[in-house]
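# Descriptive analysis of the structure
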Amino acid sequence: DELTRPRPEEEAEMEDVHVLLTSGMRPVAIRNLKSDHMSKLVKIPGIVINASSIRAKATSLTLQCKGCRDYRSNIPVKPGLEGFNLPRKCTASTAGAAQCPLDPYFIVPDKCRCVDYQTLKLQEAPDHIPTGDMPRHIQLYVDRALVDRMVPGNRVEVLGIYCIKKSGDSKTAKKDKATAGLRRPYIRVVGLEVDSSGPGRSLNKFTAEEEEEFKKLAERDDVYDVVSRSIAPSIFGSEDIKKSIACLLFGGSRKRMPDGLTRRGDINLLLLGDPGTAKSQLLKFVEKCAPIGVYTSGKGSSAAGLTASVTRDPSSRCFVMEGGAMVLADGGVVCIDEFDKMREDDRVAIHEAMEQQTISIAKAGITTTLNTRCSVFAAANSIFGRWDDTKGEENIDFMPTILSRFDMIYIVKDEHNESRDTTIARHVMRIHLNRDQDTAEGELSIELLKKFIAYSRGKCGPRLSEACAAKLGSKYVVMRSSARATEHESNKRLSIPITVRQLESIIRIAESLAKMRFAPFTSDADVEESLRLFQVSTMESAMSGSLSGVEGLTALEDQEEVRKVERQLKQRFPIGSQVSEAKIIQDFTKQRYSERTIRTVLNLMIRRGELQHRMQRKVVLRVK
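Remember, predicted model here, so these are calculated numbers, not experimental data.

A few words on the pattern of salt bridges. Enumeration over the complete set of coordinates arrives at 25 salt bridges. A salt bridge links K341 to E338; the shortest N-O distance between them is 2.8 Å. We classify E338 as partly exposed; its relative accessible area is 27%. Across the salt bridge formed by R572 and D587, the nearest N and O atoms sit 2.8 Å from each other. Linking R572 in helix α16 (residues 555–572) with D587 in helix α17 (residues 581–590), this pair joins segments that are 15 residues apart in sequence. Residue classification places R572 among the partly exposed residues on the basis of a relative accessible area of 38%. According to the relative accessible area criterion, D587 is buried, its value standing at 17%. Shared partners join several salt bridges into a network, and the residues in it are R263, R264, E355, D407, R501, E504 and R508.

This is the structure we're talking about:
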């Protein structure tokens, strides 16, 4: 062809050709690279977490002698990070001239031929790290056409030669003879596959049989129920929360507007509530079955660890940027447990990542924007540990700015109900007794569910139909007016605001339901279900947060009644007196107070430590 055909002698200059290799060999994990692999071709998968700036490396040198000014040109240099040792003596023999000194050569930079090269830091993929181990790293050396092909956050499969270079500083190595034979490994890359095909990229190769199976599954009428039943089958109940998790895993459609702005398609979900309601278990399950999942805890995460940090590279002394959890989970889900234990400054750092889905950095002379197209699934407790119905919105310790970024907010309460408790106890016992058998398996296995989610996220991007859009618009106006009426009645602003973001949330939920069926447009049933999910999650949470009284009773009247009963109780029973609980209830019911209000007052005072139970909970003692 044009590049490699034979040429006449005077036109022997050829274009540079960079040959890249591909291989079907099985990948080797970074932690399995041993000395046997030295100088052999290896294939390793991982995530790029650090990239250096582009530098120049000489491929052929031209040297000049200090003494006789003699040139030595076209001296080849080995590829990689090994370097080159200059000759100790001058080889030019001129008769009668003085002998050249020792170490006479220096490099003539203008007459050297160079190529671009870059060093990268590759980290093990999160799914290859054994539990409890630190992720391992290895240095990559890329040159010529491979430079700038990868950025931090890319998942790659690298084909390269496992090489060694001198370890440590040359000054200390000369003094310490023990380190003479030690070398540090790196990989000289000769082939590269970047999995940058967007969301679900960790599973983007499907067989024809699998695709056929996914299409059959999507054509089923009950695909929504099948998927939601397959989510954490070992956890009893919480049907609506599991349906919301199914919507979060599939996600809506990302839209790019004609003016260049984008609207996010990922759904964010927050669980608020009592301890012991399987919130963390749901988070762990989502991390397992999401195509890309990162799990982090609020107390152990800083703003830099979640977003991005700028550090100084020890070898080059330059500032480099390292992506955090939300950058590494691009195209997947970030699960944040103990969300309420995070410091306020760190929580503010993820505001931009949740709505604009980018992270802007302006530190140490680095000004850039990173993509964080991921869903956020967070779990938090009430400010009092357990949800206190009498405190209302005081339970929620979050700013409206962060709450409005969550599409669905559930308040999970641990309610005492004998029949439900019996069912849960039986369910837990069954799981513990049959732990060896696969009784806790859902309708779909985790592997199939993960592949189905990855396939539908990559292939399907449904839109809202015109009829559904008109219906949603009118429903949104009704929701805003009901929220305004509630605010007017209670004379307080809602702690969970209902804004235009919430309208976009309903659209995203409807799109995720259509995505499960591989439908191009949303149907009326999708819109109805998305409105129902929004109603049972965010709307209920917003309303219950504003009621300062007890659930089920109107706030202001009930509050007045509770205060009256409490005042009379304190007047009639001095500190240190013991009274039968049945007698208190009997006395107050004669005064036309409801038994429920009296019990609420007693529970409230016991919780505050003013009363204590005695004699098998029959008698109440006033302590303070």
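Let's shift gears to the sheet that holds strand β21 (residues 611–614). With respect to topology, 3 strands assemble into an open sheet ordered β20-β22-β21, the strand pairing being antiparallel. Edge positions in the sheet fall to β20 (578–580) and β21, since each has one partner strand and no second. Here the average twist between neighbouring strands, direction ignored, is 30 degrees. With 3 bridges connecting them, β20 and strand β22 (residues 619–622) associate as antiparallel partners. Across the sheet, the residue bridging to Q578 is L621, located in β22. Running at roughly 70 degrees to β20, α17 makes contact with β20, β21 and β22 of the sheet.

With that settled, the discussion passes to the packing of helix α4 (residues 239–250) against helix α14 (residues 500–516). Where α4 contacts α14, the two axes come as close as 9 Å, and the packing angle between them is 80 degrees. Comparing the axis directions of α4 and α14 gives the class roughly perpendicular. In contact with A246, C247 and F250 of α4, α14 contributes I509, S512, L513, K515 and M516. Of the residues assigned to the contact of α4 with α14, the class counts are 6 nonpolar, 1 polar and 1 charged.

With that settled, consider the packing of aromatic side chains. With the rule as written, the count across this model stands at 8 aromatic pairs. On the numbers, 5.6 Å between centres and 75 degrees between planes, the contact of F250 with F452 is edge-to-face. Taken as a pair, F250 in helix α4 and F452 in helix α12 (residues 446–459) lie far apart in primary sequence, 202 residues in all. Residue F452 is classed as buried on the basis of its relative accessible area, which comes to 0%. Aromatic ring contacts, followed pair by pair, group F214, F250, F452, Y455 and F518 into a single cluster. Lying across the ring of F588, R572 places its NZ or CZ 5.6 Å from the centre.

The next point concerns a negative patch on the surface. On the surface, D414, E415, E418 and D421 cluster together into a negatively charged patch. Locating E418 in the fold gives a position in helix α11 (residues 418–433).

Across the sheet, 5 strands lie side by side as β12-β15-β18-β11-β19; this open sheet has parallel pairing. With one partner strand each, in any of the chains shown, β12 (293–297) and β19 (408–412) form the two edges of the open sheet. The average undirected angle you get between the axes of adjacent strands in this sheet is 15 degrees. Across 5 bridges, strand β11 (residues 269–273) lies against β19 in parallel orientation. Residue pairing for β19: L272 is matched across the bridge by I411. Its contacts with the sheet place α4 against β11, β15 (333–337), β18 (375–381) and β19, and it is angled at close to 155 degrees to β19.

Because each turn of an α-helix spans 3.6 residues, side chains separated by three or four positions in sequence point in the same direction. For α4, which comprises 12 residues, the first-to-last C-alpha distance of 17 Å matches the rise-based estimate of 16 Å (1.5 Å per residue) to within 8%. Along α4, 10 of the 12 residues are buried, which leaves the element largely enclosed by surrounding structure. For α4, the set of buried residues is I241, K242, K243, S244, I245, A246, C247, L248, L249 and F250. Looking one or two residues past α4, G251 carries a phi angle of roughly 75 degrees, positive in sign.

Further remarks concern the environment of D16. Within the element layout of this structure, D16 appears in the segment before β1 (41–51). Sequence separation between D16 and R144 is 128 residues, and the spatial gap between their C-alpha atoms is 9.9 Å.

The subject of this paragraph is the nonpolar core. The biggest cluster of nonpolar side chains holds 44 residues, and the ones touching the most others in it are I245, L249 and F377. Counting residues per element, this core draws most heavily on α4, at 7 residues. When neighbours within four sequence positions are excluded, F377 is seen to be in contact with I245, L248, L269, L271, L282, L283, V286, V333, V334, C335 and I336.

Glancing now at the packing of α4 against α12. Relative to each other, α4 and α12 sit at 50 degrees, their axes nearing to 9 Å. Put simply, α4 runs oblique to α12. Facing α4, whose interface residues are L248, L249 and F250, α12 presents F452, I453, S456 and R457. A class-by-class count of the residues in the contact of α4 with α12 yields 5 nonpolar, 1 polar and 1 charged.

We now examine helix α18 (residues 595–607). Look at α18: 18 Å from first C-alpha to last across 13 residues, which is about the 18 Å you get at 1.5 Å a residue. Residues T597, I598, T600, V601, L602, L604 and M605 constitute the buried set of α18. In the stretch just after α18, G609 is the one whose phi turns positive, near 85 degrees.

Every other side chain in a regular strand lies on the same face of the sheet, so the side chains alternate between the two faces. Direction of pairing for strand β16 (residues 358–363) relative to strand β17 (residues 366–371): antiparallel, over a ladder of 6 bridges. Note on β17: the bridge partner recorded for A362 is T367. The turn linking β16 back onto β17 is made up of 2 residues, and A364 within it adopts a positive phi angle of 50 degrees.

Thresholds, definitions, all that
Residues numbered from 1 in each chain as written. Predicted model: local features only at pLDDT ≥ 70, side-chain atom pairs only at ≥ 80, totals over all residues. Heavy atoms only, no water. Salt bridge = Lys/Arg side-chain N within 4 Å of Asp/Glu carboxyl O. Buried < 20%, exposed > 50% of the residue type's maximum accessible area, 1.4 Å probe, protein only. Helix = DSSP H or I, 4+ residues; strand = E, 2+ residues; numbered from the N terminus. Pairing = 2+ DSSP bridges. Axes fitted to C-alpha atoms, helices over the stretch in contact; angles between N-to-C directions. Contact = heavy atoms within 4.5 Å. Parallel < 35°, antiparallel > 145°, perpendicular 65-115°, else oblique. Nonpolar A, V, L, I, M, F, W, Y, C, P; charged D, E, K, R; others polar. Phe/Tyr/Trp six-rings, centres within 6.5 Å; stacked < 30°, edge-to-face > 60°. Lys NZ or Arg CZ within 6 Å of the ring centre and 35° of its normal. Patch = residues over 30% accessible without salt bridge, like charges linked within 9 Å, V, L, I, M, F, W, Y side chains within 5 Å. Areas by Shrake-Rupley, 256 points an atom, 1.4 Å probe, with all protein chains shown as cover. Lys, Arg positive; Asp, Glu negative; His and termini not counted. Charge placed at Lys NZ, Arg CZ, Asp CG, Glu CD. Expected span 1.5 Å × (residues − 1). Core = buried A, V, L, I, M, F, W, Y, C linked by side-chain atoms within 4.5 Å.

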